[in-house]
Amino acid sequence: MTPEKPFWFSVDPNAFLSDRLVDSMTALELGAVFRLLCRQWIDGVLPLEKDKLKRLARLTELEIETCFEVIDQFFPPTPDGKHRANVYAHTKREEVMCKMNAKKLQSAKANSVRWGKPIAVKTKQSISGDSYWENIPVE
């Protein structure tokens with residue numbers, strides 16, 4: 001069984017577009033960043049390697065060189081140095097995943113009461129399975 005993933009995320013246009021980094025992006029950079037933001041929401045984290053980011057963002061070799069400085073700022077390496085992620089998006093995704101897990105557990109408990117037999121439910125407090133972001137302040 002594949003783990004459930006949150007299927008949508010909200011965007012506050014005022015907050016997003018008023019960010020200094022976003023406001024200074026070119027159309028190419030903005031498109032690449034938004035596509036990578038969507039991939040992070042689906043997958044939890046992004047790869048660290050520039051070549052993989054290039055493919056995920058659908059950029060050419062020349063375009064990734066042009067955009068990489070902005071991508072690097074928007075999606076810094078995780079504290080363990082194995083992935084990249086936007087801290088704000090990661091935090092919001094964690095909140096959604098915890099709510100989804102709570103609903104799943106609540107349903108399992110209700111089914112257990114109704115049908116009179118325990119139901120095993122696997123839940124995770126963190127989609128990343130570790131404490132990447134516990135000590136990182138969100139700006």
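See above for the structure.
Residues numbered from 1 in each chain as written. Predicted model: local features only at pLDDT ≥ 70, side-chain atom pairs only at ≥ 80, totals over all residues. Heavy atoms only, no water.

Chemist: Account for the overall build of the protein chain, with residues named and values stated.
Modeler: Secondary structure summary: the protein chain contains six helices and two strands in total. The linear arrangement of helices and strands in the protein chain, starting from the amino end, is α-α-α-β-α-α-β-α. Within the protein chain, the proportion of its 139 residues that are buried is 30%. Across the protein chain, every contact between residues at least 6 apart in sequence was considered, and the portion connecting residues at least 24 apart equals 63%. Split by element, the accessible area of the protein chain, about 9,600 Å² in all, is 55% carbon and sulfur. (Helix = DSSP H or I, 4+ residues; strand = E, 2+ residues; numbered from the N terminus. Buried < 20%, exposed > 50% of the residue type's maximum accessible area, 1.4 Å probe, protein only. Contact = heavy atoms within 4.5 Å. Areas by Shrake-Rupley, 256 points an atom, 1.4 Å probe, with all protein chains shown as cover.)

Chemist: Before we move on, could you go through the packing of aromatic side chains and cite the residues and values that matter?
Modeler: One pass over the structure, following the stated rule, counts three aromatic pairs. Where Phe16 meets Phe74, the ring centres are 6.5 Å apart and the plane angle is 85°; that geometry is what we call edge-to-face. With Phe16 in helix H1 (residues 13–18) and Phe74 in helix H5 (residues 61–74), this pair connects stretches of sequence that are 58 residues apart. Relative accessible area serves as the criterion here: at 10%, Phe74 is assigned to the buried category. One aromatic cluster in this structure is built from Phe16, Phe34, Phe74 and Phe75. In this arrangement the basic side chain of Lys50 is found over the ring face of Phe68, its NZ or CZ atom lying 4.6 Å from the centre. (Phe/Tyr/Trp six-rings, centres within 6.5 Å; stacked < 30°, edge-to-face > 60°. Lys NZ or Arg CZ within 6 Å of the ring centre and 35° of its normal.)

Chemist: If you had to explain the pattern of salt bridges to someone new, which residues and values would you point to?
Modeler: For the structure on display, the rule yields seven salt bridges. Salt-bridge contacts for Arg39 lead to Asp43; the nearest nitrogen and oxygen are separated by 2.9 Å. Here Asp43 and Arg39 lie together in helix H3 (residues 27–43), a separation of four residues that amounts to about one turn. For Asp43, a relative accessible area of 36% translates into the label partly exposed. For the salt bridge of Glu65 with Lys50, the shortest nitrogen-to-oxygen distance reads 3.3 Å. On the criterion of sequence distance, the pair formed by Glu65 in helix H5 and Lys50 in helix H4 (residues 50–57) is long-range, its members being 15 residues apart. Looking at Glu65, the relative accessible area reads 44%, which means it is partly exposed. A relative accessible area of 31% places Lys50 in the partly exposed class. Taken together, the shared-partner salt bridges connect Asp51, Lys54 and Glu61 into one network. (Salt bridge = Lys/Arg side-chain N within 4 Å of Asp/Glu carboxyl O.)

Chemist: Requested: an account of the packing of H4 against H5, with residues and values cited.
Modeler: At a minimum axis distance of 10 Å, the contact between H4 and H5 shows a crossing angle of 105°. On the basis of the axis angle, H4 is roughly perpendicular to H5. Contacts between H4 and H5 involve Lys50, Leu53 and Lys54 from the first element and Glu61, Ile64, Glu65, Phe68 and Ile71 from the second. Here the residues of the contact of H4 with H5 are counted per class, giving four nonpolar, no polar and four charged. (Axes fitted to C-alpha atoms, helices over the stretch in contact; angles between N-to-C directions. Parallel < 35°, antiparallel > 145°, perpendicular 65-115°, else oblique. Nonpolar A, V, L, I, M, F, W, Y, C, P; charged D, E, K, R; others polar.)

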